[in-house]
Amino acid sequence: MEHNEQHNPQNEQEHSLNHDNISYQAEQLDDPGLTKPHTTPKEKKEKSKGPSNIKAFFFGLVGGLIPVAILLVLLFTNVIAFGNTSKTDSAQGTNHHSGQNVITTMASEDANSSTNIAEVSEAVVGVTNLQRQSIWTNSEEAGTGSGIIYKKENGKAYVVTNHHVVNGAEQVEVVLANDERIPAKVLGTDELTDLAVLEIDGEKVNRVATLGTTEDKQVGETVFAIGNPLGIEFANSLTKGIISGLNRSVSVDTTGDQVADWVTEVIQTDAAINPGNSGGALVDANGEVIGINSMKIASTQVEGIGFAIPIDTALPIMEQLETNGKVQRPFIGISMATLNQVPMQYRHNIILPDGVEQGMVVASVEPGSPAEKAGLQQFDVITKIDDHETPTALELRKYMYSETKVGDTVKLEIYRNGEKQVIDLELMDKNE
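If you're wondering where the values come from, they're calculated on a predicted model, not measured in any experiment. (Residues numbered from 1 in each chain as written. Predicted model: local features only at pLDDT ≥ 70, side-chain atom pairs only at ≥ 80, totals over all residues. Heavy atoms only, no water.)

Participant: Whenever I open this one, the overall build of the protein confuses me. Can you help?
Facilitator: Counting its secondary structure elements, the protein contains 9 helices and 20 strands. Out of the 432 residues belonging to the protein, those deemed buried represent 35%. Relative to all contacts within the protein whose residues are 6 or more apart in sequence, the contacts with residues 24 or more apart total 60%. Accessible surface, the protein as shown: approximately 26400 Å² in total, 50% of it carbon and sulfur. (Helix = DSSP H or I, 4+ residues; strand = E, 2+ residues; numbered from the N terminus. Buried < 20%, exposed > 50% of the residue type's maximum accessible area, 1.4 Å probe, protein only. Contact = heavy atoms within 4.5 Å. Areas by Shrake-Rupley, 256 points an atom, 1.4 Å probe, with all protein chains shown as cover.)

In structure tokens:
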């Protein structure tokens, strides 16, 4: 390191004084019990005669033997090894120095992880949403996201991404890791779980992601987020973090009415997830996909809170979208609102006995729906489904979608004109 200092004789004098001062202190530390009396050259010469020479020789001999003894002890206890033993041990990862052993192990783990991550990165692709701005223009890029090639079969390859990545697209393109663009067909999407499955020509697909599981995962484990933040320009970017939480419940508004109508179970991570990462892979240290990056909390006051759909939750949805193009869910056929959401001009139509303070009010009934067939009417208040309380539409849907299936008959506890009734209702598929 060079210093831009000017030459100054006074500095040299000060440096010399400091150096002498340090030497004197070092001497004092050698024998802290002694102080140096002031002596003249003549006195020093006189004191150097006689028995002092014998003492000086004795102490010099002892002082010389001590380092030799210490060296022998270190050699025979293998603290200092002969020849190239240390080099051999180090190559095998068994170096006796504990610090070097830790470093060797970590480097080995990182190398294995990097190899696996590099492989799964090839299976993470870009997904481009193409739309026409008007009838006079060609389709243009309206947004980009990420996707994961999870299957290749019969000359076709299948990509899972988020519903919101392809929503409203007139055309969809998949951009492979080598920048090859391939037209994609949207086989099906599911707004509730925010998943979509695409089909592409598999001729140029050389890598398929290995899907893992979240069953044995623990908070604190290392994970990697792979995707295309801010677009294809930063394709296959990788960020590293940990699993910050498992089985998190996040309320989702799928209708845009500012009211949560579904709860998504997600993995929370602090690995950076940015716009364009949606649909990308959350990967464990073994290179296995354990989640599909979906959302983050975007706020200037929040950092490092991103969410991924667990692969265990996504797989059944992916299979239905791939084979049926939709997810089959039970359907009642009503519009609902909580008691406090009912406009004032209609509240006189709602009559409840004392003690009943919550429930879902039927706002409208779809013609030909299971609700109409079961006899539900406007302003009926649903308080329970199969003895499960329904204070919100979210609770009603959550029970239906997780505990029932199409064709099941459920019992609805309702209040009509202040009177309690129980109605049997057969659940149907909305698309039937």
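Having put the structure on the table, let's press on.
Participant: Whenever I open this one, the nonpolar core confuses me. Can you help?
Facilitator: One recurring pattern in soluble globular proteins is that nonpolar side chains are buried together. Judged by nonpolar contacts, the single largest core of 41 residues is most densely connected at Ile149, Leu195, Leu198, Ile200, Ile292 and Met318. With residues near it in sequence (within four places) discarded, Ile292 still touches Ile148, Val160, Asn162, Leu195, Gly279, Gly280, Phe307, Ala308, Ile309, Ile311, Ala314 and Met318. Counting 16 residues, the second-largest nonpolar core is a separate cluster that includes Ile334, Leu376, Tyr399 and Ile423. (Core = buried A, V, L, I, M, F, W, Y, C linked by side-chain atoms within 4.5 Å.)

Participant: Honestly, the pairing of strand 19 (residues 419-426) in this entry has me stumped. Any pointers?
Facilitator: Along a regular strand, successive side chains alternate from one face of the sheet to the other. Across 8 bridges, the pairing between strand 18 (residues 409-416) and strand 19 is antiparallel. Opposite Ile414, over in strand 19, you have Gln421 as the bridge partner. The antiparallel hairpin formed by strand 18 and strand 19 contains 2 residues in its connecting segment, where Asn417 sits at a positive phi of about 55 degrees. (Pairing = 2+ DSSP bridges.)

Participant: Even after reading the chapter, I still don't get the environment of Thr128, so can you show me in this structure?
Facilitator: Locating Thr128 in the fold gives a position in strand 1 (residues 124-131). Thr128 gets classed as buried once you look at its relative accessible area, which sits at 0%. Expressed as a C-alpha distance, the spacing of Thr128 and Ile232, which sit 104 residues apart in the sequence, is 8.7 Å. Other than its neighbours up to four places away in sequence, Thr128 contacts Glu141, Gly143, Thr144, Gln171, Val172, Glu173, Val175, Arg181 and Ile232.

Participant: Explain the sheet that holds strand 11 (residues 289-296) to me, please; I cannot follow it from the model alone.
Facilitator: Within a sheet, each strand pairs with its neighbour through backbone hydrogen bonds, oriented either parallel or antiparallel. Here 6 strands make up a closed barrel; going around it, the order is 7-8-9-12-11-10 and the pairing antiparallel. Averaged over all pairs of adjacent strands, the angle between strand axes in this sheet comes to 50 degrees, irrespective of strand direction. As paired elements, strand 7 (residues 222-227) and strand 8 (residues 237-252) share 6 bridges and run antiparallel to each other. Bridge pairing links Val223 to Gly241 in strand 8. (Axes fitted to C-alpha atoms, helices over the stretch in contact; angles between N-to-C directions.)

Participant: Help me understand the packing of aromatic side chains in this model?
Facilitator: Ring pairs (aromatic) are described by centroid distance and by the angle formed between their planes. Within the structure shown, the criterion is met by 1 aromatic pair. Consider the rings of Tyr346 and Phe379, whose centres lie 6.2 Å apart with planes at 35 degrees: the pair is tilted. On the criterion of sequence distance, the pair formed by Tyr346 in the loop between strand 14 (334-338) and strand 15 (360-365) and Phe379 in the loop between helix 8 (370-374) and strand 16 (381-385) is long-range, its members being 33 residues apart. Since its relative accessible area comes to 41%, Tyr346 is described here as partly exposed. The ring of Tyr158 is capped by Lys151, whose NZ or CZ atom sits 5.3 Å from the centre of that ring. Positioned over the ring face of Tyr401 is Arg329, at 5.5 Å from the centre of the ring. (Phe/Tyr/Trp six-rings, centres within 6.5 Å; stacked < 30°, edge-to-face > 60°. Lys NZ or Arg CZ within 6 Å of the ring centre and 35° of its normal.)

Participant: Looking at this structure, I do not really get the side chain of Ser369. What am I missing?
Facilitator: Residue placement: Ser369 occurs in the loop between strand 15 and helix 8. Ser369 has contacts with Phe331, Ile332 and Gly333, leaving out every residue within four places of it along the chain.

Participant: Please explain the side chain of Thr390 as it appears in this structure.
Facilitator: With respect to the helices, strands and loops of the structure, Thr390 is situated in the loop between strand 17 (388-389) and helix 9 (393-403). Residue Thr390 is classed as buried on the basis of its relative accessible area of 1%. Here Thr390 is in contact with Gly359, Met360, Ile382, Thr383, Lys384, Ile385, Glu395 and Leu396, once residues within four sequence places are set aside.

Participant: Help me understand the pattern of salt bridges in this model?
Facilitator: Opposite charge on two side chains allows them to pair when their charged atoms are near. Overall, the coordinates contain 13 salt bridges when judged by the stated rule. Across the salt bridge formed by Arg181 and Glu173, the nearest N and O atoms sit 3.1 Å from each other. In this structure, Lys405 and Asp408 form a salt bridge, with 3.4 Å as the shortest nitrogen-oxygen distance. By sharing partners, the salt bridges in this structure join Lys151, Glu153 and Glu322 into a single network. (Salt bridge = Lys/Arg side-chain N within 4 Å of Asp/Glu carboxyl O.)

Participant: Looking at this structure, I do not really get helix 9. What am I missing?
Facilitator: Owing to its 3.6 residues per turn, the α-helix aligns residues three or four sequence positions apart on the same side. Residues of helix 9 that are buried include every one of Ala393, Leu394, Leu396, Tyr399 and Met400, and no others. Where helix 9 is buried, its residues touch strand 9 (262-269), strand 13 (330-331), strand 14, strand 15, strand 16 and strand 17.

Participant: So what exactly am I meant to see when it comes to helix 7 (residues 311-324) here?
Facilitator: For helix 7, spanning 14 residues, the distance from its first C-alpha to its last is 19 Å, which sits close to the expected 20 Å at 1.5 Å a residue. Among the residues of helix 7, Ile311, Ala314, Ile317, Met318, Leu321 and Glu322 are the ones counted as buried. Two residues or fewer after helix 7 comes Gly325, characterised by a positive phi angle close to 80 degrees. (Expected span 1.5 Å × (residues − 1).)

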